[in-house]
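This is what each chain is made of:
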Amino acid sequence: MRVSKEVKEALQNNKPVVALESTIISHGMPYPKNVQTALAVEAEIRKNGAIPATIGIIDGEPVIGMSPEEIEQFGKRKGVKKASRRDLPIIFANKEWGATTVAATMILANMAGIEVFVTGGVGGAHRGAENTFDISADLEELGKTNVTVVSAGVKAILDLNLTLEILETKGVPVLSYGTDEFADFYTRHSGIKMENVVNSPLEVAKIIKAKRDNKLDGGILVANPIPEEDAMDSKVINNAIEKALKMADEAHVKGKEITPFLLKTIVELTGGDSLESNIKLVLNNARLGAKIAKELCNL
Ligand code: PSU
Ligand code: MN
C-alpha cells in the first residue's frame, strides 16, 4: 500500500493521525459538495492538531493519505466501486478504484497503524433486518478490528435498537459523547438511553489505551451527536426517511445499493437540508476525532 509521506512521518514520530473513508465521498454525497466536504474535513482535522489520512484504493493499490487531486477524482470519477471487506481482494486483483466503506477503511487504517477514524455515520442493521439479514459489514469489522470510529451515532434510516444489540453481541464498546441519549445522525434524540457516557477526548483516549493494553481486540464506536443548531427537525427528517424507505422498497433496491439510494433520496426529499446537516455533523466528528487522536498520542 502507499502511505503518504506526511502520514508516514507522523506515525513514525507518534503524531496524531485520523483516518477518513472514501465511500462518503463517492457514494454518500453529490459532486461537488462531496469534494468540498472531504477537503473541509481534512482542514478541520489539521486545525485541531492532527494529520488527516483519507483512505481509498487507486488502481488496486490502497492509498493512505490521498492528495487533494485524488480526493477530487473520488468525488467525480465514474465507476469507482463501493468497497467493503468482501470487495477488497477483487478490487486489488483487478487493479480497480475502490471507495472504502467504514469496514474497509478500518481494515486499511489498522494495517497502516492508525487508531482513530472519523466518519459521518456507520452502517448498521437495516429496518427489517430480522427478515432480510441486511446488516452492514461495518458491525462485523467493529467487532474485530482495532480502530475507534467517531460517528454521529447510527443513521435513523436503520434499526437503531437492533444495531446496538448486535454491537453488544460483538463486544463493541459504544461511547455516547456528552449525553446519555443515543444520537441518530440527523438529530440528537433517538429516545434510546445509553449506559456509557463520555465527556472529554481524554476519557475516550484512556478507554482506547485500556483496550489496547489488555489486548481486547475490536473497535470502539464513539457516538457524537450533531450540534443542536445543525440538527434537523425530527418530523421533517422522519417523514423523508419513511418516504425514502417506501421508494426503495417499490424500486426493489437491495444490497450495497440501498444505503446510497436512501441517502440520495433523503437529500432530494428535504430539498438539500439533510445534506447540510450531514456536512455539519462530519465536521463536528472531525473536531472530536482529532482531539481524541491527540490525547491518545500523549498517553
Ligand atoms: N452513512 C452515511 N454516509 C455514508 C455511509 C453511511 O451517512 O456514506 C457509507 C459508509 O461508507 C458506510 C457504508 O460504511 O455507507 C455502509 O454501507 P452498507 O450499509 O452497504 O454496509
Ligand atoms: Mn447491506
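The structure this text deals with has already been given above.
Per chain, residues are indexed from 1 in the order of the written sequence. Whichever chain is written first is A, and whichever ligand is written first is 1; the rest continue in order. In view of the model being predicted, local features appear only for residues whose pLDDT reaches at least 70, and side-chain atom pairs are presented and counted only at 80 or more, with totals across whole chains, interfaces and linings using the full set of residues. Calculated side-chain values reflect all of the structure's heavy atoms, with hydrogen atoms and water omitted.

A. Looking closely at the site of ligand 1. Any residue with a heavy atom lying within 4 Å of a molecule or strand is counted as near it. In the neighbourhood of ligand 1, 15 residues make up the surrounding shell, with Glu21, Lys82, Ser136, Asp138 and Lys155 lying closest. For this analysis, a polar contact is any N or O atom pair within 3.5 Å, provided that within protein one partner can donate a hydrogen and the other can accept it, and provided that sequence-adjacent residues contribute only side-chain to side-chain pairs. Measuring from an oxygen atom of ligand 1, one finds a side-chain N or O atom of glutamate 21 at 2.6 Å. Areas reported as accessible are Shrake-Rupley estimates using a 1.4 Å probe. Residue values count occlusion only from the protein chains shown. When ligand 1 is considered free in solution it has 480 Å² of accessible area, and contact with the protein chains removes 94% of it. Method remark: on a 1 Å grid restricted to protein atoms, a set of points is classed as a cavity if a 1.4 Å probe fits but cannot get out and as a pocket if it is open with protein on both sides within 12 Å along at least five of seven lines; lining residues have an atom within 4 Å of a point. Any molecule with more than half of its atoms within 2 Å of a cavity's or pocket's grid points is regarded as sitting in that cavity or pocket. Here ligand 1 occupies the largest pocket. If you list the elements that add at least two residues to the shell around ligand 1, you get α2 (23-26) and α12 (258-269). Here a helix means four or more residues in a row that DSSP labels H or I, a strand means two or more in a row labelled E, and each is numbered from the N terminus.

B. Quick peek at the layout of surface pockets. Reported here for the largest pocket is a volume of approximately 630 Å³. Lining the largest pocket are 35 residues, with Lys82, Thr101, Ser136, Asp138 and Thr259 positioned closest to its centre. Counting residues per element, the ones that place at least two in the lining of the largest pocket are α2, α8 (137-144) and α12. Among the elements that make up the lining of the largest pocket, the one with the highest residue count is α12 (four residues). Classification used: nonpolar for Ala, Val, Leu, Ile, Met, Phe, Trp, Tyr, Cys and Pro, charged for Asp, Glu, Lys and Arg, polar for all others including Gly. Here the lining of the largest pocket is built from residues that sort into eleven nonpolar, 15 polar and nine charged. Grid points are joined across faces, edges and corners, and a volume is the space filled by probe spheres set on the points.

C. Main features of the pairing of strand β4 (residues 61-64). Whether two strands pair depends on DSSP finding at least two bridges between them. Judged from the two bridges that link them, strand β1 (residues 2-3) and β4 form a sheet pairing that is parallel. Each bridged residue has a counterpart across the sheet, and for valine 3 the counterpart in β4 is isoleucine 64. Here strand β3 (residues 51-58) pairs with β4 via four bridges, running antiparallel. Along β4, the bridge assignment pairs isoleucine 55 with isoleucine 64. Counting the residues in the hairpin turn of β3 and β4 gives two residues, including aspartate 59, whose phi is positive at 50°.

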